[in-house]
Structures are given as C-alpha cells and as structure tokens.
Amino acid sequence: MRFDTRLIHAAQPPDPTTGAVNPPVYLSTTFAQPAPGTDQEFVYGRTGNPTRRVLERALADLEGGRVGLAFSSGMGALSTLLENLPSGRRIVAVDDLYGGTWRMFEHHRRQFGLDVQYVNMTDPGAVEAAVAAAPTAWVYAESPTNPLLRLVDLRAVARIAHAHRALFVVDNTFASPANQRPIEHGADVVLHSTTKYIGGHSDVLGGALIVRDRRLGERLAWLQNAVGAVPSPFDCYLLLRGLRTLGVRMRAHAASARAVAQTLERDRRVVAVWYPGSPRHPQHALARRQMEGYGGMVSFELKGGLRAARRFLRGLRIFTLAESLGGVESLVDHPASMTHASVPRSEREAHGVRDGLIRLSCGIEDPADLVEDVRRGLARG
Ligand SMILES: *Cc1c(COP(=O)(O)O)cnc(C)c1O
C-alpha cells in the first residue's frame, strides 16, 4: 500500500469483535487475567493499551521502523530515550536545536554527566570532526531545523554516526513522515512531537519514538513502562484521527507555504526567506533528494529589526501570534522574543536568529487569504 493509504489502513483494521471501523477508545486501566501469571497482551494501562497500540503500530509502519512507542509529549519521548543513556556519555547535536531539547540537555542532563557538543550539521565534515574527537554515544539531528529551516544530509550523517558506533537519532517533527522518513536514510531512532503535524489540530499533546532495531525498541518499550510518560487513550484516539488526514494536510500546508514564500521573496522589505521548497534555499537540491514535500514552515527576516517585526505582527489578521506549529490554523512566531528568548542574544544572533526574524506556520486556509495577510503585515512594516 502507498503512503496515503497506509495513513488510513496501517494497523487499523475494523475492530474484530464489533466491526467498528474506528479503533475504540479503551479507557480501562487494567485487564482481566484468566489465571495468575498468564502471558497476555494487555495487563495494565501504563504498560500497554489497545488504543495506544493501534497508534504505535501505525506510526512504526509509516516511519518504516520495527517498533513504535507513544508518549505524553515530545519531551516525554526525549526524556524516556535519555533514560537509556548511562551518565558520562557524549552527544553530538545539531546547533539549531529545538529550545526544549536544548534546555533538557544543558539545564537538566548536564548535571548528571551528559556532555553535548553542538555542531553546524549543514556540513557533514563538521559532524565527522566532532564525532571523531571523542567517544560519542548519539548523533542527534533535526531536519529541517527550527527556526532557520536548515537541512541535515541524513544519509551522510548516518554513515558518519555508524562508522563511529554512535546511535543516530532524528527529530522528524518539522517534516512529518509524509515528507521525510529518516529511517529510510539510515536513522536508528526517529522522535516526534506528535503535538505538531501528526495531531495537526492544536488540540492534543503527544510524542513518539520509532525504532529501527527490534531489540532497542523492546528496551525502550520497557523504559516507556518504567518511566510512565504515556499518553491517555483519548489522546491516542485524537492522534489517530489527525494521522488519517496527514497526507492531504501536508500537501495543503505546502501549497500555502509555497505561495507565502514566493510573496516574501519578491518583497524588497524582506532581507532573506528560508523555505526548503524554494529553489533559492541554499540546500534545495538536498531537500529534493531526501524530502517528498517541504511542509508549512517559512521563516524570513525583515529589514528594520525589532520595530519592523512588531509592525508586521500588528498588521496580521489571519496568522495568530502563538508558539507551536503544524496545526490547520496559521500561526506566527517571533523567535527572538518568544521561542528563543531564553537563548542569550550573542549566541542567538551568531546562529542567525536576529530581531527581524519571523517564523510562520502556514495552515491550510486558502493560500490567497494567507498571501493577502502577509501583504497586510508587510504594508505595516
Ligand atoms: C514541539 C517540539 C518538541 C517538543 O514536543 P512537545 O510535544 O511540545 O513536548 C520537540 N521537537 C520539536 C522540533 C518540536 O517542534
């Protein structure tokens, strides 16, 4: 079956007892046992739940992994994965990392002996040098990154990680499996904040790990139960509901983003635009090689810094000023004062996150309305 068909049918056959075409929400936290100590699929709700199991199997199928595990949030997925890393180990991570991941590494795990080196992963040579410099347990990437939509050559970095016996972990939240499947390019573990495109409606928090190797998957399933950052059955139902339309939504997000990016590229008040689907993106050739679509995220920098950014935001009517991304509704973020406010200015600016930078999550409204809204903002700026 092709991807869009698997979104609807993978791991989701009609319920064998009732014929229900949608997986029922099993709220029960415990499951009757025929005799003490019998081996059965469901025992206790933290360990496993039938609604969650359907979601986990669907995600594993869609990302091409052997094991899928659902969590209560993206950070719940990351912290459970980190439980598998003994203290004193080292990670080589992309420098343009999601802020919550950076906070987890630097402000929490470092005190327990984790060492993280951040590298510019647009250059595989820099990854090679960092991994070769000291024993490395994980190489941790996001692609595209947030907010500058830089790409990591997944195949090249997987080769480097494996040559040094490191686990290659990819946060695939921005692309979603509709646009990019890192396991096909050599990743060992894929992480998702399913809060974003997979849920798709800004109404459920969730996370996931999809694992290539069955033994590592079983170990992480053990940790999922031991740590307990699991989603509720109703959240799993909402995520399955979102998942079925992922393909059509991602095509609509991309159509919106393409139209908005073209508008921004033609405007002289804009210094630079970042959209992997644009031929002007410095890594567009790589985007075409490893992605099947380019998503709904567009970032751009306005001339005139903070004041121009504030005026642009005041001019908008459809884009809502809010953190998060990947929902059907369009959102706008000012990274310097919102999602990246905790990063010191000098560090932030060294990475290209300047005061005039705006990040758009283009929703699935009519692209013409989104283009008009952006023009309204620019007219103010
Ligand atoms: C939102 C996000 C996370 C964290 O996920 P939560 O569901 O908010 O815990 C991790 N990585 C990326 C790229 C994200 O956008």
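For the structure itself, look to the data block above.
In this report, the structure presented in the accompanying data block is examined. Not measured: the values here are computed from a predicted model. (Residues numbered from 1 in each chain as written. Predicted model: local features only at pLDDT ≥ 70, side-chain atom pairs only at ≥ 80, totals over all residues. Heavy atoms only, no water.)

1. Details of the pairing of strand 6 (residues 189-193)
So, point 1. For strand 6, the tally of buried residues reaches 5 of 5 residues, placing the bulk of the element in the interior.
So, point 2. Summarising the sheet, strand 5 (residues 167-171) and strand 6 pair through 3 bridges and their orientation is parallel. The partner of valine 169 across the bridge, within strand 6, is valine 189.
So, point 3. Where strand 6 lies against strand 7 (residues 207-211), 5 bridges are found, and the strand directions are antiparallel. Paired with leucine 191 across the two strands is leucine 209, which belongs to strand 7. (Buried < 20%, exposed > 50% of the residue type's maximum accessible area, 1.4 Å probe, protein only. Helix = DSSP H or I, 4+ residues; strand = E, 2+ residues; numbered from the N terminus. Pairing = 2+ DSSP bridges.)

2. Some remarks on the nonpolar core
So, point 1. One finds Ile91, Phe105, Tyr140 and Phe168 to be the most contacted residues of the largest nonpolar core, which totals 47 residues.
So, point 2. For phenylalanine 105, the residues in contact, after removing those within four places along its chain, are Leu78, Leu82, Ile91, Ala93, Leu97, Arg110, Leu114, Val116, Tyr118 and Tyr140.
So, point 3. Of all hydrophobic cores here, the second largest spans 31 residues; its members include Leu62, Phe174, Val204 and Trp274. (Core = buried A, V, L, I, M, F, W, Y, C linked by side-chain atoms within 4.5 Å. Contact = heavy atoms within 4.5 Å.)

3. Structural notes on the side chain of histidine 253
So, point 1. Of note, histidine 253 is situated in helix 10 (residues 246-265).
So, point 2. Ignoring any residue separated from it by four or fewer positions in sequence, one finds histidine 253 in contact with Tyr197, Gly295, Gly296, Gly326, Gly327, Val328, Cys362, Gly363 and Ile364.

4. Comments concerning the sheet that holds strand 9 (residues 297-302)
So, point 1. Spatially, 8-9-12-11-10 is the arrangement adopted by the 5 strands of the open sheet, whose pairing is mixed. Since the sheet does not close on itself, it has two edges, and those belong to strand 8 (270-274) and strand 10 (320-321), each with one partner.
So, point 2. Alignment of strand 9 against strand 12 (residues 357-361), held across 5 bridges, turns out to be antiparallel. Within the sheet, the bridge partner assigned to glutamate 301 lies in strand 12 and is leucine 357.

In short, shape yes, function no, at least from these values alone.
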